[in-house]
Amino acid sequence: MQTISQKEDELKNTVALVDNNDFQLLVGDSDSIEKIINDLNEGLTNILIDIKAASTTLGEIGSKISNFMKLMTIKYPEVGLGDSEAYEAVARYFSINYAPYTYDYIRYKIQWSQN
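Residues numbered from 1 in each chain as written. Predicted model: local features only at pLDDT ≥ 70, side-chain atom pairs only at ≥ 80, totals over all residues. Heavy atoms only, no water.

Asks: Would you mind showing me how to read helix H4 (residues 58-75) here?
Replies: Quick reminder: α-helices carry 3.6 residues per turn. Residues three or four places apart thus point the same way. Taking 1.5 Å of rise per residue, the 18 residues of H4 would be expected to cover 26 Å, and the 26 Å separating its terminal C-alpha atoms lies within 8% of that figure. Along its buried surface, H4 packs onto helix H2 (20-23), helix H3 (30-53), helix H5 (84-97) and helix H6 (102-108). (Helix = DSSP H or I, 4+ residues; strand = E, 2+ residues; numbered from the N terminus. Expected span 1.5 Å × (residues − 1). Contact = heavy atoms within 4.5 Å.)

Here it is, written out as structure tokens:
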């Protein structure tokens, strides 16, 4: 058994990545899916590194995520990155890898799509 503090410390030293089960991309071939997921993981992880390195407000976190995801929806316009699954995947990523309190803000307050 671990204490909550021990578990939190353990989680801080790891990063859980997203996969297509999280995003449910609207693309059929596995090579395209792998490329998109790799791009998403690279960008999200870079944001994670940035926000862990400095004292960051929810607004700043939201802005970084929104800007990145807007670029991804432009780069991959037809794969569903503006769908609710994408918002949930990104919110889960940061709530697990950064802080649980970020989930609702990311899921419901920031926007990166026109949907």
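Moving on, there is more to tell.
Asks: What am I meant to see in the environment of Phe94 here?
Replies: Of note, Phe94 is situated in helix H5. Sequence-wise, Phe94 and Met72 are 22 residues apart; in three dimensions their C-alpha atoms are separated by 17 Å. If sequence neighbours within four positions are ignored, Phe94 has contacts with Leu44, Ile47, Leu48, Ile51, Ile65, Ala99, Thr102 and Ile106.

Asks: Could you clarify how one ought to interpret the packing of aromatic side chains in this entry?
Replies: Counted by the stated rule, this structure contains two aromatic pairs. Plain terms: the ring middles of Tyr87 and Trp112 are 3.8 Å apart, the flat faces sit at 10° to each other, and that makes the pair stacked. With Tyr87 in helix H5 and Trp112 in the segment after H6, this pair connects stretches of sequence that are 25 residues apart. On the accessibility criterion, Tyr87 (5% relative accessible area) is buried. Its relative accessible area of 4% is what places Trp112 among the buried residues. Between Tyr93 and Phe94, the ring centres sit 4.9 Å apart and the planes meet at 80°, which makes this aromatic pair edge-to-face. For Tyr93, a relative accessible area of 3% puts it in the buried group. (Phe/Tyr/Trp six-rings, centres within 6.5 Å; stacked < 30°, edge-to-face > 60°. Buried < 20%, exposed > 50% of the residue type's maximum accessible area, 1.4 Å probe, protein only.)

By themselves these figures say nothing about function.
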